There are 2 protein chains.
Amino acid sequence: MELRNVFTFVRIVDLGSFTKAAQELGYSQSTVTFQIKQLESELGIPLFDRIGKKISLTPLGEEFLCFAIDLMKTTSQIKSIGSQIGMNKAKLRVGIIESLFIGRLAELIPEYFRLMPSTQIETKTSDGVKLYQMLRSNELDIIYVLDRKIYQKDCIRAFASPVKIVFVASSQHPITKEKKLSISDILKQPLILTERDSIYRKELEETLALSDIELTPFLEVDNTSIIMKLIKKGLGISFLPEYIVQEDARKNKLAILPVDGYDITLYSQVFYNKNKWVSPQMKLFVNLLSNQT
Amino acid sequence: MELRNVFTFVRIVDLGSFTKAAQELGYSQSTVTFQIKQLESELGIPLFDRIGKKISLTPLGEEFLCFAIDLMKTTSQIKSIGSQIGMNKAKLRVGIIESLFIGRLAELIPEYFRLMPSTQIETKTSDGVKLYQMLRSNELDIIYVLDRKIYQKDCIRAFASPVKIVFVASSQHPITKEKKLSISDILKQPLILTERDSIYRKELEETLALSDIELTPFLEVDNTSIIMKLIKKGLGISFLPEYIVQEDARKNKLAILPVDGYDITLYSQVFYNKNKWVSPQMKLFVNLLSNQT
DNA sequence: GTCTCCCATCGAAAAAATTAATGGATGTGA
DNA sequence: TCACATCCATTAATTTTTTCGATGGGAGAC
């Protein structure tokens, strides 16, 4: 049973005539006759009595009509699926590195729910390498990572914004007295760094490797919020994205250290899988980030 | 959009694979790919993300799935239309002559509703000629008439049962004393007859016409119940179907008069239109009459 | 009776669905 | 890492289905 025939059937009932239905639907009359015959034989029931030049529904035809109208209703609902964009419950699986969640994404979440209240956001925090993997295997819809601006296979970059990575200490720390610092000044201090997989930790190590220096942090913590708390207590120096320390720097709780020759810049970037349909939920995610001050 | 494609879609979602769905549905894999492509282009929305060798529903695909399942449910309901025979609300339009309603049909109605409680019976009482007309123009589904057993154009006879038409008088009437009556004895009495269109009135008139006798009833009433009441009060003699006077005759309220040479027999008959689908409602109607004692 | 209207039928034509074969991409397992 | 198998996409050919035009029969209108 195909919908074409069902629609023809309903139109016939409305108009009370095969011929009129044919005209209206742009079929020839014989086509309509054939369609109804086909329906009747598929269903194994007679739909119309043909008496004289009038047709009338059989009782079974009446029954069928109810369901046929059901089918038409559902079909018209289906046709409007695309239109009420994003107004339906949909999931958005976001992969993100921890520092960007705290420093960038968190403040946008209320706005996101204001604009698309029906979305169910699932976040997964992990390091960039794992996030790329998960994006490629479609475990995530979109990822927000910090990285160099390089090509990523199968991934489309939807957004990129430069981010300085800075050395930071407590504003009470004696080292803040210095107007100019060299890398050796820094390395004399106890270092608190993120885990080895963290992209800016890697960047730092690579840069230092050029000068044949090896990095020996006295503490590794995978959580930037904790690192910041420790730094504020004067426990040492860290190397963190600017966005995460900016606020505390403005409040004079933390100080960004001017280290000569170590202006490292990465990009916060949003990617999605190149084979992925870009949903309104994903678009909004990118838009909000793009408009972020 | 055709249901074939929708079913394939649902099967793919169930099995998580185009290939498996193709195997199960007996299609080649390219057919399934084509069907989904067709659906996606008709709806203007992407249904699946094809990432790596895995497929997954897009949010819009998820939405569509709900409706698709709706369509499948309705379709499976449709397939069972024929099966629960007559269990659904259906109308039965019955044409009947008044005397058969009173004398035959009335007592069967409770049984009818016991067996097919969902039927809505509409009855139309009229004379035979009008009932045949209405049957031919599909204003009635079935008619129950008294007539000679002759061919009726476009009508199928579903049932016939002989019915004697008899002269009847009050059991108190002096004429009941006679063991044998001739037609002239009858005609001396005041006659109460049904209207001119009534078939047994016509039969009587035709038979009398052979002997060149013209009928002059002193009263015409189109309602046999009323006629019987009048007869019982001793107002005269009537000519009525046996079935309608039988009960009163048994109770000795009425007497059937033995009139020599006037054994007129007609048939109570059920007809339906030859082009009409015979519904379970109609079948039951015929069956109950056939089994009537 | 003739004419028109309506549905059924039939063979031809058009359109659509289906297939088999092939290819590209992606995991998998030695 | 290199075959190998798996999965979906593509294409051209084939088969099936749908549609059409012409014709016919029956019923109702004038």
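Please read all numbers here as calculations on a predicted model, not as lab measurements.

To continue, consider the relation of the copies chain A and chain B. Each of the two copies of the chain can be brought onto the other by a rotation about an axis and a shift along it. Of the two same-sequence chains, chain A is brought onto chain B (RMSD 0.2 Å, axial shift 0.0 Å) by a rotation of 180 degrees. Taken together, the turn and the small shift mark the pair as related by a two-fold rotation axis. Proximity to the rotation axis, assessed at the C-alpha, singles out E2 of chain A in chain A; its C-alpha lies 2.8 Å from the axis. When the interface residues of chain A are mapped onto chain B, 100% of them again fall at the interface, so both copies present the same face.

Turning to the protein's contact with DNA strand C, a few remarks are in order. By nearness alone, 22 residues border DNA strand C, and T19 and R50 of chain A together with S28, T31 and Q38 of chain B come closest of all. Between DNA strand C and G26 of chain B, the relevant distance is 3.4 Å, taken from a phosphate oxygen to a main-chain nitrogen or oxygen of the residue. Considering each element in turn, the surface near DNA strand C owes the most residues, five residues, to helix α3 (residues 29-43) of chain B. Considering only residue class, the surface near DNA strand C consists of four nonpolar, 12 polar and six charged.

All right, on to the interface of chain A and chain B then. Counting residues at the interface gives 35 residues for chain A and 35 residues for chain B. Note on chain A versus chain B: buried area summed over both sides is about 3400 Å², and carbon and sulfur give 69% of it. Looking only at chain A, the three residues that lose the most surface to chain B are I51, I81 and W277 of chain A, adding up to 20% of its buried area. At the boundary of chain A and chain B, one finds four salt bridges. Measuring nitrogen to oxygen at the nearest pair gives 3.2 Å for the salt bridge that ties K276 of chain A to D49 of chain B. Our count for the chain A to chain B interface comes out at 10 residue pairs in polar contact (both at pLDDT 80 or more). Of all the secondary-structure elements, those providing two or more residues to the side of chain A that touches chain B are α1 (3-15), β1 (48-51) and α4 (59-79) of chain A. Across the side of chain A that touches chain B, the residue classes tally to 15 nonpolar, 12 polar and eight charged.

To continue, consider the packing of helix α2 (residues 18-25) of chain A against helix α3 (residues 29-43) of chain A. Two quantities define a packed helix pair, namely the angle between the helix axes and the distance between the axes. Residues and elements named next belong to chain A. One can describe the packing of α2 onto α3 by two numbers: an axis separation of 8 Å at closest approach and a directional angle of 110 degrees. The pairing of α2 with α3 is recorded here as roughly perpendicular in orientation. The two elements α2 and α3 cross, and the hand of that crossing is right-handed. Judged by residue contacts, F18, T19 and A22 of α2 engage Q29, V32, T33 and I36 from α3.

Attention now moves to the pattern of salt bridges. Considering all chains together, one arrives at 42 salt bridges over all chains under this definition. For the salt bridge of R11 of chain A with D14 of chain A, the shortest nitrogen-to-oxygen distance reads 2.6 Å. Of this pair, R11 of chain A and D14 of chain A are both found in helix α1, three residues apart, which corresponds to roughly one turn of the helix. A relative accessible area of 24% means that R11 of chain A is categorised as partly exposed. The exposed category is assigned to D14 of chain A, whose relative accessible area is 52%. Across the pair E220 of chain A and R196 of chain A runs a salt bridge, and its minimum N-O distance is 3.9 Å. In this pair, E220 of chain A is assigned in strand β8 (residues 219-220) and R196 of chain A in the loop between β7 (191-193) and α9 (199-210), connecting sequence segments 24 residues apart. What you see here is one network of salt bridges that share partners, running through D49 of chain A together with R93, D141 and K276 of chain B.

Residue and element names in this part refer to chain A. Summarising burial for strand β9 (residues 237-241): five of the five residues are buried, a large majority. Inspection of the sheet shows strand β6 (residues 155-170) paired to β9 by four bridges, in the antiparallel sense. Looking across to β9, one finds that V168 is bridged to S238. Relative to β9, β7 runs parallel, the two sharing two bridges. The residue bridging L191 from the neighbouring strand is I237, located in β9.

The next thing to look at is helix α7 (residues 128-136) of chain A. In an α-helix, one full turn covers 3.6 residues, which means residues spaced three or four apart are oriented alike. All names here are of chain A. Looking at α7, one finds that the buried residues are G128, L131, Y132, M134 and L135. Down the axis of α7, the buried set is contained in an arc of 165 degrees. They therefore lie on one face. Those residues of α7 that are buried lie in contact with β3 (90-96), β4 (119-125), β5 (142-147), β6 and β11 (264-273). Immediately beyond the C-terminal end of α7, within one or two residues, lies N138, with a positive phi of roughly 60 degrees.

What follows covers the protein's contact with DNA strand D. Close contacts around DNA strand D come from 22 residues, with S28 and Q38 of chain A together with T19, R50 and K53 of chain B the closest. The sugar-phosphate portion of DNA strand D accounts for 66% of its atoms within 4 Å of the protein, the bases making up the rest. Residue Q29 of chain B places a side-chain N or O atom 3.0 Å away from a base nitrogen belonging to DNA strand D. Per-element accounting of the surface near DNA strand D gives the leading share, five residues, to α3 of chain A. Of the residues assigned to the surface near DNA strand D, the class counts are four nonpolar, 12 polar and six charged.

Right, let's get into the domain arrangement of chain A. Accessible area lost during the coming together of the parts is what is often quoted as the interface size. We note that the domain assignment places domain 1 (3-79), domain 2 (90-161 + 268-290) and domain 3 (163-266) within chain A. Relative placement of domain 1 of chain A and domain 3 of chain A: their C-alpha centres are 76 Å apart.

Residue and element names in this part refer to chain B. Those residues of helix α2 (residues 18-25) lying buried are F18, A21 and A22. Viewed along the axis of α2, the buried residues span an arc of 100 degrees, placing them on a single side of the element. On its buried side, α2 packs onto α1 (3-15), α3, β1 (48-51) and β2 (54-57). N-capping of α2 is provided by S17, with a side-chain oxygen placed 3.2 Å from the backbone N of T19. Looking one or two residues beyond α2, the residue adopting positive phi is G26, at roughly 75 degrees.

Rules used in this analysis
Residues numbered from 1 in each chain as written. Chains lettered and ligands numbered in written order. Predicted model: local features only at pLDDT ≥ 70, side-chain atom pairs only at ≥ 80, totals over all residues. Heavy atoms only, no water. Least-squares fit on C-alpha atoms with pLDDT ≥ 70 in both. Contact = heavy atoms within 4.5 Å. Near = heavy atom within 4 Å. Polar contact = N/O pair within 3.5 Å; in protein donor to acceptor, adjacent residues only side chain to side chain. Helix = DSSP H or I, 4+ residues; strand = E, 2+ residues; numbered from the N terminus. Nonpolar A, V, L, I, M, F, W, Y, C, P; charged D, E, K, R; others polar. Buried area = accessible area lost by both parts, 1.4 Å probe. Salt bridge = Lys/Arg side-chain N within 4 Å of Asp/Glu carboxyl O. Axes fitted to C-alpha atoms, helices over the stretch in contact; angles between N-to-C directions. Parallel < 35°, antiparallel > 145°, perpendicular 65-115°, else oblique. Left-handed = near helix turned anticlockwise from the far one by under 90°. Buried < 20%, exposed > 50% of the residue type's maximum accessible area, 1.4 Å probe, protein only. Pairing = 2+ DSSP bridges. Arc of directions from axis to C-beta. Domains from an automatic or database assignment.

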